[in-house]
Amino acid sequence: MSSPLHELVTALAAPWVVLSPRSGQLTGTGAEGVYARDRRILSRLSVTVDGREPVPVHVDERDAATHQYVAMVEGLGDTRHDPTVMLYRTRTVGDDGLTEQITLVNRSRAAIEGRLDVALGTDLAGTAAVRSGAAASLPQLAPLPDGPGRTRWESDDTRVVVTADPGVTATPRLEPGEEFTITLRVTADFPKSTTGFSIEPPAERTPYDVTVHCDDKRVERWFDRSLEDVAALQLAAGDDRYLGAGPPWYLTLFGRDSLISSGMLIPVDPALAAGTLRALAAWQGTKVDAESAEQPGKIPHELRAEVADHGGGLVLPAAYYGTHDATQLWIMTLHKAWRWGMPADQVRDLLPNLHRALTWMKEYADPDGDGFLEYVDESGHGLANQGWKDSVDAVQWPDGTLATAPIALCEVQGYAYAAAVKGAELLEAHGESGDEWREWAVALQERFRKTFWIDGYPAIALDGAKNPVAGRASNMGHLLGTGLLDADEEQVVAEVLAGDDLNSGFGLRTLSTAMTRFNPLGYHTGSVWPHDTAMTVQGLFATGQSDVAASYVEGLIRAADAFGYRLPELYGGRGTSEEHTPTPYPLSCRPQAWAAASAVAVLVAALGIEPDVPGGTLVINPAESMPWNALEIRGLRVGTDTLSVRLDGAELTVLEAPQSAVISANADSPR
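This is a predicted model, so every value here is computed, not measured.

> What should I look at first to understand the overall build of the protein in this one?
The number of helices and strands found in the protein is 13 helices and 36 strands. Taken over C-alpha atoms, the radius of gyration comes to 26 Å for the protein, in line with the 26 Å a tight globule of 671 residues would show. Overall, the C-alpha framework of the protein stretches about 80 × 55 × 50 Å when taken along its three principal axes. Across the 671 residues of the protein, 58% fall into the buried class. Looking at the protein alone, contacts between residues at least 24 apart form 63% of all its contacts between residues at least 6 apart.

Here it is as structure tokens:
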């Protein structure tokens, strides 16, 4: 029986990734395998000694890319209970493949001799086929001998080569204290993309020297592990870096995921956001195409080298545009990058893309002309829901009835309002008028207030009949900080979010426990997503709702601790008390880009750091409520300068700041 995805150990240096059980053995079952560029390169990589599998003892995850698997070998060595013959497998993933050192060590009192066998195999299945289960019926390809110590496999479009140290005996004799090592190297050649997009490693994987010190050591561990994973998730389109969303299914450029992740990470890696903006702008829509959901000015949902058949009728083109929020998020990320100091010429170069993105909101995102942005899958084989909650049952009424399309999500309206206002500010800063978009935003705000508010909170969405879909869900949290709500409305939303039906104690539930179809392990119907919680936390801190924000931050910290400080894509939203831990979601990717980026997002939001490099100002306004007493961050990037701050109780100290900025700091409020 194969292990669920959440139980597998992930070694990563994008685009290469290995998913294995804690034994290190790849058995050809489930999602186990070596992957690269949307292809399973090896499905089997297992080691036996004298025909027996070693007994797993320990996994040492040295960093994101290097793991060591420790096992004891039975049937060899001394007969007493202490293990005396051990097998060590040191696995290192690099930008161009995998290296694995397999070492047999004799600690017994006598010489040993044992046959060391490595079984290899591959189906070269696409990741979509592995995820859907279709790969289970694919045959293993026949290996082709390729000279001493070399084996290869070939399909019509991919070639895999495994090399081993030539001339090494498979049956070593080891005296007491001796060891024997064989080294395997796995590489692959891939076909040239027919779409013009390929999944490539960065020319240089940017490390991070930002440091955090906190009286809660869990925060430090979470922050450090998250940045380690962010470095491992880096990919590139030409010279432009972006983050692959998550291994193994989503290790490519996703509009929404990559924008949210890079936007959260601007304070530690501003060039990542700039690269992501350019990489997506290069694929901005130019025509109307129902099959791919492309429209002029629209930012794509995901880019791959080939069509992806996910099963169940979901077939996505290589360049797929079925997202109704990535375009607004692109504008919002450009604005944030500009305020944090993105070079002026790089911002100017993207102004034509900004114009096209704004025009898409008005001319294409609202097909029925009612003043709200709504979506429907016109292809018949794309995503039924096109917000971040994109599963089929993501938008439902309190009794569980699914909302009918076209659907206008509440958070999409919030993003659109923010995009219009921030887009107007960008245009005005470059000598153009933003009046049209400011007026458009005000009209949207008025319509939203009249239409979406029901039962004392914003509806999840409007359905195809323009009925507000009732029910408490995390969607409303994304409205905070967009400017769409006034102060009283923000207070109401914060009070709803504070309820036990949404606050799981480990983060924000996607759906309230009061909903009929609430499921703590429902993908978008009760589970907790760290990025969803973090985006809500950003809004809560920005609107002064720090008590509720601090409660959610503490929940994320507890969850990070439970998952070894590598937060997964999502986890169970079951109720909690002090003795509970969050429930893993069996198919959750780990790491995931926006889950890792959330650590940076919540700390910067708690400190209230808001630079305006073009305007020459820097605001630091720490929240009134914090889940810790002392926090220090060193090495944040503001333009070409460095920002370091320390908060100790009510005392804020700016340790290092841009020389040219007028700093407005406020830490007088009691904590």
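On we go.
> What exactly am I supposed to notice about the side chain of serine 379 here?
With respect to the element layout, serine 379 can be found in the loop between helix 7 (351-363) and strand 26 (408-409). Of the polar contacts made by the side chain of serine 379, one reaches the side chain of aspartate 377; its length is 2.8 Å. Among the polar contacts made by the side chain of serine 379, one reaches the main-chain amide nitrogen of histidine 381 at a distance of 3.1 Å.

> Which parts of the structure should I look at to understand the packing of aromatic side chains?
Two measures describe an aromatic ring pair: the distance that separates the ring centres and the angle between the ring planes. Enumeration over the complete set of coordinates arrives at 11 aromatic pairs. When the ring of phenylalanine 197 is compared with that of tryptophan 283, the centres are 6.2 Å apart and the planes differ by 85°; the resulting orientation is edge-to-face. On the criterion of sequence distance, the pair formed by phenylalanine 197 in the loop between strand 17 (179-189) and strand 18 (211-214) and tryptophan 283 in the loop between helix 4 (270-281) and strand 22 (302-303) is long-range, its members being 86 residues apart. Ring centres of phenylalanine 563 and tyrosine 571 lie 5.4 Å apart, and the angle between their planes is 40°; this geometry places the pair in the tilted category. When sorted by exposure, phenylalanine 563 lands in the same class as tyrosine 571, which is buried. Taken together, the aromatic side chains of Trp388, Tyr523, Trp529, Tyr585 and Trp594 make up a single cluster linked through ring pairs. Lying over the aromatic face of tryptophan 437, lysine 362 brings its terminal NZ or CZ to 4.8 Å of the ring centre.

> What's the story with the packing of helix 11 (residues 530-542) against helix 12 (residues 546-562) in this structure? I'm lost.
Helix packing for two helices is described by the angle between their axes and how far apart those axes are. Relative to each other, helix 11 and helix 12 sit at 155°, their axes nearing to 8 Å. In this view, helix 11 runs roughly antiparallel relative to helix 12, as classed from their interaxial angle. As helix 11 runs across helix 12, the sense of the crossing is left-handed. Residues Pro530, Thr533, Ala534, Val537, Leu540 and Phe541 of helix 11 pack against Ser546, Val548, Ala549, Ala550, Tyr552, Val553 and Leu556 of helix 12. Of the residues belonging to the contact of helix 11 with helix 12, the class tally is 11 nonpolar, 2 polar and no charged.

> Where do I start with the sheet that holds strand 4 (residues 33-36) in this structure?
Whether parallel or antiparallel, the strands of a sheet pair through hydrogen bonds between backbone atoms. Spatially, 4 strands are ordered 1-2-4-5 in an open sheet, and the strand pairing comes out antiparallel. Each having just a single partner strand, strand 1 (9-13) and strand 5 (39-42) make up the two edges of the open sheet. For this sheet, the mean inter-axis angle between neighbouring strands, taken without regard to orientation, is 25°. Of the strand pairs in this sheet, strand 1 and strand 2 (residues 16-20) are connected by 5 bridges, and their pairing is antiparallel. Bridging from a neighbouring strand, alanine 13 pairs with tryptophan 16 of strand 2.

Definitions and limits used
- Residues numbered from 1 in each chain as written.
- Predicted model: local features only at pLDDT ≥ 70, side-chain atom pairs only at ≥ 80, totals over all residues.
- Heavy atoms only, no water.
- Helix = DSSP H or I, 4+ residues; strand = E, 2+ residues; numbered from the N terminus.
- Rg over C-alpha atoms; globule rule 2.2 N^0.38 Å.
- Buried < 20%, exposed > 50% of the residue type's maximum accessible area, 1.4 Å probe, protein only.
- Contact = heavy atoms within 4.5 Å.
- Polar contact = N/O pair within 3.5 Å; in protein donor to acceptor, adjacent residues only side chain to side chain.
- Phe/Tyr/Trp six-rings, centres within 6.5 Å; stacked < 30°, edge-to-face > 60°.
- Lys NZ or Arg CZ within 6 Å of the ring centre and 35° of its normal.
- Axes fitted to C-alpha atoms, helices over the stretch in contact; angles between N-to-C directions.
- Parallel < 35°, antiparallel > 145°, perpendicular 65-115°, else oblique.
- Left-handed = near helix turned anticlockwise from the far one by under 90°.
- Nonpolar A, V, L, I, M, F, W, Y, C, P; charged D, E, K, R; others polar.
- Pairing = 2+ DSSP bridges.

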